[in-house]
Amino acid sequence: MSVREEFDEWAASGRDRGMEQRHWHTAKHALARMPVEPGDVVLDLGCGSGYAGRALRDTKEAGRVYGLDGAPEMARNAASYTDDPKVAYVVGDFDDLPFADDSIDHVWSMEAFYYAADPHHTLEEVARILRPGGTFYCAVNYYEENVHSHEWQERISIEMTRWDREQYRTAFRDAGIHVAAQDNVPDRETEIPDESAFPTEDWETREDMVERYREYGTLLTVGVAP
Ligand SMILES: C[S@@+](CC[C@H](N)C(=O)[O-])C[C@H]1O[C@@H](n2cnc3c(N)ncnc32)[C@H](O)[C@@H]1O
């Protein structure tokens, strides 16, 4: 199944909003750290419902916000959630970003980067479109150290790249992007039942669930274009 087929289906069944709710637990903390200044141009790579760009407009007065997604239904849904003329959703692929060199101040991506067919090339594309000093905030829940995420690949037909923390840093540098920071943003909101509820349908032990959400949360790698 292609990205388009898979995620068009997700959008049609309302999973775009479901993802938004879950990802917001950690995304909001990472978004708050972005050094977006009033008027800055921001791109959300793999925007899904498009919530991140709208939040940056509301909280930091980003000037123009683009959400790019490979699934037309995702982009259509995202556009239907706002009438802000400064926010635009475009259909495109991580392989070939439809933006000019040095034209974007900040790039954000949540739970999407690892779907890139060629993640090294996607990083080169990000480096190309970022203006000097621009940032890339790359947030993922699927990564090597998060052992609880490994099984996700079995549930989806698109090949996912599972890098570890160091591989993210190395790949950023190989693409010419400095690594300014990397850390885990804990999810403190997903409700974790008390011991007596385990095993649950999804979790063998409470310890595993605590590790997944409170410890691993979201891996955030922050890059800066030279
Ligand atoms: C798991 S969703 C995350 C959506 C949103 N960022 C969020 O936090 O809820 C991943 C999104 O990335 C998009 N995507 C995946 N691979 C892509 C690619 N190669 N090019 C463009 N979009 C892609 C999918 O269509 C999907 O909407």
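Remember, predicted model here, so these are calculated numbers, not experimental data. Once a new chain begins, its residue numbering starts again from 1 and follows that chain's sequence as written. Totals for whole chains, interfaces and linings use all residues, but because this is a predicted model, local features are given only for residues with pLDDT of at least 70 and pairs of side-chain atoms are given and counted only at 80 or more. In computing side-chain values, all of the structure's heavy atoms are included and hydrogens and water are not.

Visitor: I'd like a rundown of the overall build of the chain, residues and numbers included.
Guide: Helix and strand content of the chain: 7 helices and 7 strands. Numbered from the N terminus, helices here are DSSP runs of H or I no shorter than four residues, and strands are runs of E no shorter than two. Taken from the N to the C terminus, the helices and strands of the chain come in the order α-α-β-α-β-α-β-β-α-β-α-β-α-β. Against the globule reference of 17 Å for 226 residues, the chain gives a C-alpha radius of gyration of 17 Å, in line with a compact fold. The C-alpha extent of the chain, read off along each of the three principal axes, is 55 × 35 × 35 Å. Burial analysis of the chain (226 residues in total) assigns 51% to the buried set. If you take every contact in the chain between residues at least 6 apart in sequence, the share linking residues at least 24 apart comes to 71%. Carbon and sulfur atoms provide 45% of the accessible area of the chain, an area that totals close to 10,600 Å². Positive charge is attributed to Lys and Arg, negative charge to Asp and Glu, and no charge count is given to His or to the chain ends. By convention, the charge on Lys lies at NZ, on Arg at CZ, on Asp at CG and on Glu at CD. Within the chain, the 46 negative side-chain charges are centred at a point lying 5 Å from the centre of the 23 positive side-chain charges. Computation of the radius of gyration draws on C-alpha atoms, with the globule rule given as 2.2 Å multiplied by the number of residues to the power 0.38. The buried label applies to any residue whose accessible area, calculated with a 1.4 Å probe on protein chains only, is under 20% of its type's maximum; exposed applies above 50%, and partly exposed to all values in between. In what follows, a contact means two residues having at least one pair of non-hydrogen atoms within 4.5 Å. Here the Shrake-Rupley method, with its probe set to 1.4 Å, supplies the accessible areas, and only the displayed protein chains count as covering residues.

Visitor: Which residues make up the side chain of H106, and what values do they have?
Guide: With respect to the secondary-structure elements, H106 resides in strand β4 (residues 104-110). Under the relative-accessibility criterion, H106 is labelled buried at 2%. For the purposes of these results, a polar contact is taken to be a pair of N or O atoms within 3.5 Å, where, inside protein, one atom must be able to donate a hydrogen and its partner to accept one; residues adjacent in sequence count only when each atom of the pair is a side-chain atom. Of note is the side chain of H106, whose polar atom sits 3.3 Å from the backbone oxygen of P35. Beyond its immediate stretch of four places on either side in the chain, H106 contacts M34, P35, V36, D40, V41, V42, L43, L130, R131 and T135.

Visitor: For the UniProt feature "domain: Methyltransferase type" (unreviewed entry) in the chain, give the residues involved together with the corresponding values.
Guide: UniProt positions are given in the numbering used here, feature names are shortened, and annotations may be inferred rather than shown by experiment. Under the present numbering, the feature "domain: Methyltransferase type" (unreviewed entry) in UniProt falls on residues 43-138. Structurally, residues 43-138 is divided into 31% helix and 31% strand, and its ends, taken at the C-alpha atoms, are 12 Å apart.

Visitor: Residues and numbers for helix α7 (residues 206-216), please.
Guide: Turning to α7, its buried residues are M209, R212, Y213 and Y216. Along the axis of α7, the buried positions cluster into a sector of 125 degrees, meaning they face one direction only. If you follow the buried residues of α7, they end up packed against β6 (178-185) and β7 (218-224). In this description, the arc belongs to the directions extending from the helix axis to the C-beta atoms.

Visitor: Any details on the sheet that holds strand β1 (residues 41-45)? Residues and values, ideally.
Guide: Paired strands, in this sense, are two strands between which DSSP finds at least two bridges. The 7 strands are arranged β3-β2-β1-β4-β5-β7-β6 in an open sheet whose pairing can be described as mixed. Both outer strands of the open sheet, β3 (87-91) and β6, are each paired with one neighbouring strand and no more. Mean inter-strand twist for the sheet, computed between neighbouring axes without regard to direction, equals 15 degrees. Between N-to-C directions, angles span 0 to 180 degrees; the directions come from axes that are lines fitted to C-alpha atoms, helices contributing only their stretch in contact. Packed on one face of the sheet, helix α2 (residues 15-33) meets β4, β5 (130-140), β6 and β7 and runs near 160 degrees to β4. The strands touched by helix α6 (residues 165-174) are β5, β6 and β7; relative to β6, the strand with the most contacts, the crossing angle is about 155 degrees.

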